[in-house]
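Analysis of the macromolecular model
Given next are the chains, with one letter for each unit.
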Amino acid sequence: MATGLKLSGVAASDGVAIGPARLLVPPMVVIDRRISRDLVPAEVTRLRQAVTSTDEQLALLSARLESEHLHEGHLILEAHRLMLRDDEIVEGARRLIEKDEIAAEGAVRRVIDGIAATFARMEDPYLRERGADVEAIGDRLLRTLLGLPAALQRSPLASAAIGVGSLLSPIDALHLPRSGLVGFAAERGGKTSHAAIIMRALEIPFVVGVRGLCAAIRSGDKLVVDGSRGEVIVGPDDDTMAMYEQRRSRERSRAQTLKSRSIGPTATRDGVRIELSANIEAPSEVAGALELGAESVGLFRTELLYLDRPELPSEEEQFQDAVAVLSALGGRPATFRTLDIGGEKLPLAVTVPGGTNPSLGVRAMRFAFRRPDIFRTQLRALYRASAVGPLRIMFPLVSGISELDEARRLCAGVAEELAREGLDFDRNLEIGVMIETPSAALTTDHLAGSASFFSIGTNDLLQYTFAADRENEDVAYLYHPLHPAFLRLLKSAIDGANGAGKPISVCGDMAGDPAFTWVLLGLGVRNLSMSPRLVPAVKSIVGASRLDEMEALVARVLPLRSETEVEDLVMGVMRERFPLEVDSTEKV
Ligand code: PEP
Ligand code: MG
């Protein structure tokens, strides 16, 4: 048992970080300062100058991130620049200066608090987290007005320390490696926040939603942040520290060993070729994915370009984004999933009908059909990029043949249009379907007539099979990829595709869990697409196994009646045979 005060939160980025706490300055308290009427024009000028100067700071930082290929960071900062210059902030603050005769700081503070409070009241967790972006912009603008340095800058104090704060903004997350912090714990925030996405890409342990965190910690306190389990240990005793230190070094050497084995194409011991691909969200991730042993991009989630910005990305921007992915892949293929927004992913630039049950409402292809203008712009960009390298298009959340045929009709229209305009594209471009609804999983044999390939999105397929919202921690206990019902559904989808001679892969989180590798390959899948850092462990298992062993396990598993029986059998076999690959986070 670990000793010390244990605080629980939500695991947002894997790994263990150990070090002294560095409590980051809470949001700045600014007191309204009254000014005389004749100073009002000068104060408005000071506000405008601070906005210009803050924008210049952000532009510099944004350009640096782009030159360092941190494309996500660059996009977020560009979105922040647009928000900063938006009338809601600048004009809102100007009006307050003039009406209430107060200094610019107080006016900015009030406007930012007002906007942040509106976000905080939103039901949707994704939108709620966008409040963090507004607060980050406000913080930067206030610091410029007050002549203070940015919140997170390199300082000797930060060296190998763990940041603790009420909330981590996406900008601060991008600064973290430079600031010397090795982990972070925050009172607020969620798994789907941009800060969490960035922390995972940077591989820095991160725990969010830890109630009472700031009150329980003083700067300098010894801390353990367990980003794999979502825990923070304050003041661990020596034995507990030793346990976590051991686990941290085991995790590091495990990752190193597996990475060193992850070279060359993947095949089973009896020579069956298996393709391992990467799931990515930005061109900058390609190089790292190839280094970890991925052979292609199996899922490019295109949403990142749409989120967090007040206008839609242009055809040209989307074209350049796709070309950047293909160029970095140097001739290896990439599968682009068309826009999957709605549900918890809502862009600022468009209104998506929410309904009482957003993940059962207008999402993914359903949104594409409501806004064919947006969908066609994306299709044009992807079709044009197909002239540059091997590119496939895949539709998310298709529920049946009619939707698929309608989507293909729109594709055909775009292809005709480009041909008329004399623009180059791949005339044999492959179009595939994500299997994310039970209705699609049960009819891959029919869908095969209109699809070149399939990819199973197990995250959504689980949510829709068990009627359990994937964003709701309270029903997370219902997620059982080895549940007999789910295995039957997978089998039906895989058999239907294989029977029709159409390739089927898995690209949901299940594909990257080494404990499930035998089950998925034994069921007949030959391509797995996963977060790049998971490739080495899965590759190691495939290379050490024979296909008949995997099929034999599946034959024993299919007749079992409960998820517990299946899990006991599969985990027992996999843990015994592959302790290094499967047990990444043993119990402490
Ligand atoms: C899935 O649902 O499994 C999937 C890969 O898509 P996303 O996680 O982006 O919804
Ligand atoms: Mg999905």
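Placed above this text is the structure.
Here we summarise the structure given alongside this text. For clarity, every value in this text was computed on a predicted model and none was experimentally measured.

Scoring rules and cut-offs
- Residues numbered from 1 in each chain as written.
- Chains lettered and ligands numbered in written order.
- Predicted model: local features only at pLDDT ≥ 70, side-chain atom pairs only at ≥ 80, totals over all residues.
- Heavy atoms only, no water.
- Helix = DSSP H or I, 4+ residues; strand = E, 2+ residues; numbered from the N terminus.
- Rg over C-alpha atoms; globule rule 2.2 N^0.38 Å.
- Buried < 20%, exposed > 50% of the residue type's maximum accessible area, 1.4 Å probe, protein only.
- Near = heavy atom within 4 Å.
- Polar contact = N/O pair within 3.5 Å; in protein donor to acceptor, adjacent residues only side chain to side chain.
- Areas by Shrake-Rupley, 256 points an atom, 1.4 Å probe, with all protein chains shown as cover.
- Nonpolar A, V, L, I, M, F, W, Y, C, P; charged D, E, K, R; others polar.
- Core = buried A, V, L, I, M, F, W, Y, C linked by side-chain atoms within 4.5 Å.
- Contact = heavy atoms within 4.5 Å.
- Donors = N, O, S within 2.8 Å, 3.2 Å for Na, K, Ca; no water.

**Comments concerning the overall build of the chain**
Looking only at helices and strands, one finds 23 helices and 17 strands in the chain. A compact globule built from 588 residues would reach a C-alpha radius of gyration of about 25 Å, and the chain, at 25 Å, matches this within 12%. Principal axes of the C-alpha set define a box for the chain whose edges measure 85 × 70 × 45 Å. Looking at the chain as a whole, 54% of its 588 residues qualify as buried.

**A closer look at the site of ligand 1**
Taken together, 15 residues form the shell around ligand 1, and within it Arg 301, Arg 337, Glu 436, Asn 459 and Arg 470 come nearest. A distance of 3.1 Å is found between an oxygen atom of ligand 1 and a backbone nitrogen or oxygen belonging to Thr 458. Contact with the protein chains removes 99% of the 290 Å² of surface that ligand 1 exposes when unbound. Going through the elements one at a time, β11 (296-301) and α17 (458-465) are the ones with two or more residues in the shell around ligand 1. Ranked by residue count, the leading element in the shell around ligand 1 is α17, at three residues. Across the shell around ligand 1, the residue classes break down as three nonpolar, four polar and eight charged.

**Describing the nonpolar core**
Taken as a class, soluble globular proteins show a tendency for nonpolar side chains to be buried jointly. Counting 90 residues, the largest nonpolar core has Tyr 383, Phe 395, Leu 490 and Leu 528 as its most contacted members. Not counting residues up to four positions away in its chain, the partners in contact with Tyr 383 are Ile 393, Cys 411, Val 414, Ala 415, Leu 418, Asp 424, Phe 425, Asp 426, Leu 429 and Ile 431. Grouped together as the second largest cluster of nonpolar side chains are 50 residues, Val 40, Leu 84, Ala 196 and Val 208 included.

**Quick notes on the coordination of the magnesium ion (ligand 2)**
The protein atoms that coordinate the magnesium ion (ligand 2) are Glu 436 (OE) and Asp 460 (OD), at distances of 2.0 Å. Here Asp 460 lies in helix α17 and Glu 436 lies in the loop between β14 (431-435) and α15 (438-441), a separation of 24 residues in the sequence. Classification of Glu 436 by relative accessible area gives buried; the value is 2%. Using a relative accessible area of 2% as the deciding quantity, one classes Asp 460 as buried.

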